[in-house]
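Reading the structure
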Amino acid sequence: MGVRIKSTGTSRTKDTNSIVEHSARAARESLERAGVRPDQVGVFINAGVFRDSNTVEPAVSALIQKAAGIGLEYGKDDPRTFSFDLMNGAVGVLNAVQVATSILETGSVEHVLIVSGDTHPSLTRSAADDEFPYATSGAALLLEQTDEPVGFGRVHIDRGDGTAAVESFVDTATMGALGRGLMTVVREPGFEDTLLGVAAGAARAALAEAGHADLSSTVLIASTPSAVFPVRLAKTLGIAADSVRTADLSEGDPHTAALPLAYDRAVTEDSFAAHSHVLFVAAGAGPSAAAVLYRLPVLVGTPA
């Protein structure tokens with residue numbers, strides 16, 4: 001038995017910069033593609049970090065859940081959807097996969113829906129720039145348990161020593177009355193090399209535990225702190241550059257949505273045809289990284 005991706009959803013339209021709306025649209029699309037009703041989602045996890053107007057309360061997962069129309073029935077015997085935020089920077093989406101796998105393995109829910117994505121808190125921009133290096137987007141992964149020998153292996157975590165490599169904060173000393181629309185992101189000199197080291201460590205651990213030495217049929221989907229980061233990681237691991245898949249990076253790094261957007265794009269473009277596995281690797285602030293090997297099933301709930 002395993003846990004697989006049943007379907008995906010994305011949102012990158014220009015009519016809104018709200019991450020609540022983008023994530024809700026991605027969630028709805030994933031359900032529509034899979035033919036799954038909202039009441040069949042038992043757990044809803046938001047792995048996004050940067051949110052509308054720097055919202056602190058309530059949990060942004062609850063706002064997205066409401067906008068997506070999931071779990072809004074309140075009768076005595078109506079189905080319930082438990083939602084929460086799980087924030088760990090770019091690594092959060094794989095932490096969410098780890099939690100979702102544990103939940104699904106209990107058999108207590110049919111599906112777990114993970115959403116991720118980020119926006120500048122001012123809601124005035126969608127493309128990355130030097131001040132805020134993340135592009136606005138929303139993505140969703142709908143997960144289910146399967147009896148087939150496919151899906152996710154164990155998520156492996158690696159942490160580096162020293163400083164965080166990447167930090168984000170609202171500068172309370174200078175924000176004045178504008179704090180809800182401000183965000184400072186600091187990337188240390190050499191941060192990409194630091195992230196590469198922890199990403200490689202997590203990836204090697206995932207491959208070693210699975211006994212997966214032949215990488216000729218393995219796709220790499222990795223975080224994109226730079227456009228070349230996944231290719232650099234592939235070279236470090238011995239994966240061919242033409243087996244790297246990324247999201248559309250024309251507007252910058254999608255941050256927490258980078259992995260699901262890349263997976264969705266690869267499925268849509270049918271670029272997994274010659275491959276049997278996907279190695280997902282996320283790396284970000286901490287420095288920390290997570291990696292998991294995914295055995296590809298017959299793809300479900302994606303565009304023809």
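Residues numbered from 1 in each chain as written. Predicted model: local features only at pLDDT ≥ 70, side-chain atom pairs only at ≥ 80, totals over all residues. Heavy atoms only, no water.

1. Brief notes about the overall build of the protein chain
- Each helix and strand in the protein chain was counted, giving six helices and 12 strands.
- The globule rule puts the C-alpha radius of gyration for 304 residues at 19 Å, and the 18 Å found for the protein chain is close to it.
- Expressed along its principal axes, the backbone C-alpha trace of the protein chain runs to roughly 55 × 55 × 35 Å.
- Within the span of the protein chain, comprising 304 residues, buried residues form 54% of the whole.
- If you take every contact in the protein chain between residues at least 6 apart in sequence, the share linking residues at least 24 apart comes to 75%.
- Surface accessibility of the protein chain: about 12600 Å² in total, with carbon and sulfur atoms responsible for 53%.
- Computing the positive centroid from 23 side-chain charges and the negative centroid from 36, the protein chain places the two 2 Å apart. (Helix = DSSP H or I, 4+ residues; strand = E, 2+ residues; numbered from the N terminus. Rg over C-alpha atoms; globule rule 2.2 N^0.38 Å. Buried < 20%, exposed > 50% of the residue type's maximum accessible area, 1.4 Å probe, protein only. Contact = heavy atoms within 4.5 Å. Areas by Shrake-Rupley, 256 points an atom, 1.4 Å probe, with all protein chains shown as cover. Lys, Arg positive; Asp, Glu negative; His and termini not counted. Charge placed at Lys NZ, Arg CZ, Asp CG, Glu CD.)

2. What about the pattern of salt bridges?
- The tally for this structure, following the rule as stated, stands at 16 salt bridges.
- With a closest N to O distance of 2.4 Å, Glu251 and Lys14 form a salt bridge. Placement of the pair is Glu251 in the loop between helix H5 (229-237) and helix H6 (258-268) and Lys14 in the loop between strand S1 (2-11) and helix H1 (19-34), with a sequence separation of 237 residues.
- Overall, the relative accessible area of 24% leaves Glu251 in the partly exposed class.
- Among the salt bridges present, the one from Asp15 reaches Arg25, with a minimum N-O distance of 2.8 Å. Of this pair, Asp15 sits in the loop between S1 and H1 while Arg25 is found in helix H1, placing the two residues 10 residues apart along the sequence.
- For Arg25, a relative accessible area of 23% gives the class partly exposed.
- Because the salt bridges share partners, they merge into one network encompassing Asp15, Glu21, Arg25 and Arg28. (Salt bridge = Lys/Arg side-chain N within 4 Å of Asp/Glu carboxyl O.)

3. Side note on the side chain of His277
- Inspection of the secondary structure assignment puts His277 in strand S11 (residues 277-284).
- Among the residues examined, His277 registers a relative accessible area of 15% and is labelled buried.

4. A look at the environment of Asn95
- Tracing the chain through its elements places Asn95 in helix H3 (residues 92-105).
- Through-space distance from the C-alpha of Asn95 to that of Arg80 is 23 Å; in sequence the pair is 15 residues apart.
- Setting aside chain neighbours within four positions, we find Asn95 in contact with Leu86, Asn88 and Ile157.
- One polar contact links Asn95 to Asn88, side chain to side chain, over a distance of 2.8 Å. (Polar contact = N/O pair within 3.5 Å; in protein donor to acceptor, adjacent residues only side chain to side chain.)

5. As for the side chain of His120
- Residue position: His120 is located in the loop between strand S4 (111-118) and strand S5 (137-146).
- Assessed through its relative accessible area of 2%, His120 is described here as buried.
- Among the polar contacts listed, one links the side chain of His120 to the side chain of Ser122, at a separation of 2.7 Å.
- Those residues in contact with His120 that sit more than four places away from it in its chain are Arg125, Glu131, Phe132, Thr136 and Gly181.

6. Let's talk about H6
- Counting buried residues along H6, nine of its 11 residues qualify, which places the element largely inside the surrounding structure.
- Taken from the residues just after H6, Asp270 is the one with a positive phi, measuring 55 degrees.

7. Section: the sheet that holds strand S3 (residues 82-85)
- Here we have five strands laid out as an open sheet, ordered S1-S5-S4-S2-S3, and mixed in their pairing. Every interior strand has two partners, whereas the edge strands, S1 and S3, have only one. If you compare each strand with its neighbour and ignore which way they point, the axes differ by 20 degrees on average.
- Relative to S5, S4 runs antiparallel, the two being bridged by eight bridges. Bridge pairing in S5 links Leu113 to Leu142.
- The sheet strands contacting H1 are S1, strand S2 (41-46), S4 and S5, and the helix crosses S1 at an angle near 125 degrees. (Pairing = 2+ DSSP bridges. Axes fitted to C-alpha atoms, helices over the stretch in contact; angles between N-to-C directions.)

8. Observations concerning the confidence of the model for the protein chain
- The predicted model of the protein chain has a mean per-residue pLDDT of 93, with 96% of residues at 70 or higher.
- Residue range residues 300-304 is modelled with pLDDT below 50. Its contacts to residues more than four positions away, or to other chains, number 12 contacts. (pLDDT = per-residue confidence, 0-100.)

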